[in-house]
Amino acid sequence: MSEGIMSKAATMEIPISSNGDAGSLPEDDGLEQVRGRAGASPCPRGWLLVPVSQLNALLPQDLQQVMVSGPNLNETSIVSGGYGGTAEGIIPTGTIKGSGLHQPHPSPPVGGEEVVRGIAVEKFDIVKKWGINTYKCTKQLISERFGRGSRTVDLELETQIELLRETKRKYECVLQLARALTNHFYSLVQTQHALGDAFADLSQKSPELQEEFGYNAETQKLLCKNGETLLGAVNFFVSSINTLVNKTMEDTLMTVKQYETARLEYDAYRTDLEELSMGPRDASTLCRLDAAQSQFQSHKDKYEKLRADVAIKLKFLEENKIKVMHKQLLLFHNAISAYFAGNQQQLEQTLKQFNIKLKTPGAEKPSWLEEQ
């Protein structure tokens, strides 16, 4: 008796259509492949006939694990009617007896399912809002590009922003040239150092030219020392300009980008509100109009806040730029002038004036020249 029930349960046919009518569904090639693998006999269209003994061979590894240790089959139901269907077609699996299937027992609390469902709904709302916002902003941007839409313009602020971008490009050029000067001059100092060593060696090995090689060696060593001092000043100049351009200015431009995005969103929702205001005033439209008014006000507040932030940052950036560049340009001028005038004392005094300290080669850490 039990063997007969097992045989029947092992070859149960479960309809996979939405309403139990398999005849209206097209044949799926994948079903024929599954039948062939399972060794099952032909069955009506839209039905899947798989022996339980061969079911695991057809499942991915992760689903096999679920069959072993996942949700108890007795706690689930097979629904052929789809979501929102009637109670017909629901087969409690607890009524199927056989090896591996047990009688149903009380269901676990559904609190965990509610939490998961709540998270899923929240994520869906976020994606939905993002999609709507992206659509509106893209529509507004295209309208502005083709001259069909209007945009909010703060002439004074946008002039300052464009001036900042132009200043940043020019400072980047100065920074690039100053780095090139540092690299070239470093190579010159290294060559002078090697040339001085060669002169000193020849001075020892050429008695007839000892004096001539000797003072040339001393000259090259002095030039090398002054060159290292000048490189210390130029390196400090490069470091300060790099901080100003790639940190201070870039931070302000990041706020500018946020402001420009907020401006686009503000105009997009403003246009949406204006279009709704010109439409019919029925109950549905009034509801949408209230929602559009609320969204417009929210984006307007965000836009005005970022506009104020940009204005403040631009003001502080201009003050900081003048202060930094005044110091760095004075340093660069005094150091270059002293070096090419051969005034070693003035060159060293320039570094002391700007609190620039050179590390000696014998220090624990390598000198900045060795780090180039």
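Residues numbered from 1 in each chain as written. Predicted model: local features only at pLDDT ≥ 70, side-chain atom pairs only at ≥ 80, totals over all residues. Heavy atoms only, no water.

With that settled, consider the overall build of the chain. Of regular secondary structure, the chain possesses 9 helices and 4 strands. Of the regular secondary structure in the chain, the N- to C-terminal order runs α-β-α-β-α-α-β-β-α-α-α-α-α. In the chain, which comprises 372 residues, the proportion classed as buried is 28%. At a minimum sequence separation of 6, the contacts of the chain that also span at least 24 residues come to 68%. (Helix = DSSP H or I, 4+ residues; strand = E, 2+ residues; numbered from the N terminus. Buried < 20%, exposed > 50% of the residue type's maximum accessible area, 1.4 Å probe, protein only. Contact = heavy atoms within 4.5 Å.)

Within the secondary structure, Gln190 is located in helix H6 (residues 155-205). Remark: the alpha-carbon pair of Gln190 and Glu228, spanning 38 residues in sequence, is separated by 9.5 Å.

With that out of the way, let us pick up the side chain of Asp267. Take Asp267: it is sitting in helix H7 (residues 210-277). Taking the relative accessible area as the measure of exposure, Asp267 reaches 0% and is therefore buried. Here Arg270 takes part through its side chain, which lies 3.2 Å from a polar atom of the side chain of Asp267. (Polar contact = N/O pair within 3.5 Å; in protein donor to acceptor, adjacent residues only side chain to side chain.)

To continue, consider H7. The terminal C-alpha atoms of H7 lie 97 Å apart, and with 68 residues this matches the ideal 100 Å at 1.5 Å per residue to within 8%. Of all bends in H7, the biggest is about 35°, found at Glu250. (Expected span 1.5 Å × (residues − 1). Bend = angle between axes of the 7 residues up to and from the residue.)

As a further point, take the packing of aromatic side chains. Scanning all chains against the criterion turns up 7 aromatic pairs. Seen from their ring centres, Phe199 and Phe213 are 6.0 Å apart, and the 35° between their planes marks the pair as tilted. Taken as a pair, Phe199 in helix H6 and Phe213 in helix H7 lie far apart in primary sequence, 14 residues in all. The two residues Phe199 and Phe213 agree in class, both being buried. Through a chain of ring-to-ring contacts, three or more aromatic side chains come together here, namely Tyr259, Tyr266, Phe296 and Tyr303. (Phe/Tyr/Trp six-rings, centres within 6.5 Å; stacked < 30°, edge-to-face > 60°.)

H7 packs onto H6 with a crossing angle of 160° between their chain directions and a minimal axis gap of 7 Å. Considered as vectors, H6 and H7 are oriented roughly antiparallel to each other. As for the relative orientation of H6 and H7, their crossing is left-handed in sense. Per-class residue counts for the contact of H6 with H7 are 30 nonpolar, 14 polar and 9 charged. (Axes fitted to C-alpha atoms, helices over the stretch in contact; angles between N-to-C directions. Parallel < 35°, antiparallel > 145°, perpendicular 65-115°, else oblique. Left-handed = near helix turned anticlockwise from the far one by under 90°. Nonpolar A, V, L, I, M, F, W, Y, C, P; charged D, E, K, R; others polar.)

A few words on the environment of Asp197. Structurally, Asp197 can be placed in helix H6. The exposure class assigned to Asp197 is partly exposed, which follows from its relative accessible area of 38%. Residues Asp197 and Ala217, 20 residues apart in the sequence, show an inter-C-alpha distance of 6.8 Å.

As a further point, take the confidence of the model for the chain. Of the residues in the chain, 66% reach a pLDDT of 70 or more, and the chain-wide mean stands at 73. Predicted confidence in the chain is weakest over strand S3 (residues 77-79), with a mean pLDDT of 37, and strongest over H6, with 94. Predicted confidence for residues 1-53 stays below pLDDT 50, and this span has 66 contacts to residues more than four positions away or in other chains. This model gives residues 55-102 a pLDDT under 50, and the stretch forms 55 contacts once residues within four places in sequence are excluded. (pLDDT = per-residue confidence, 0-100.)

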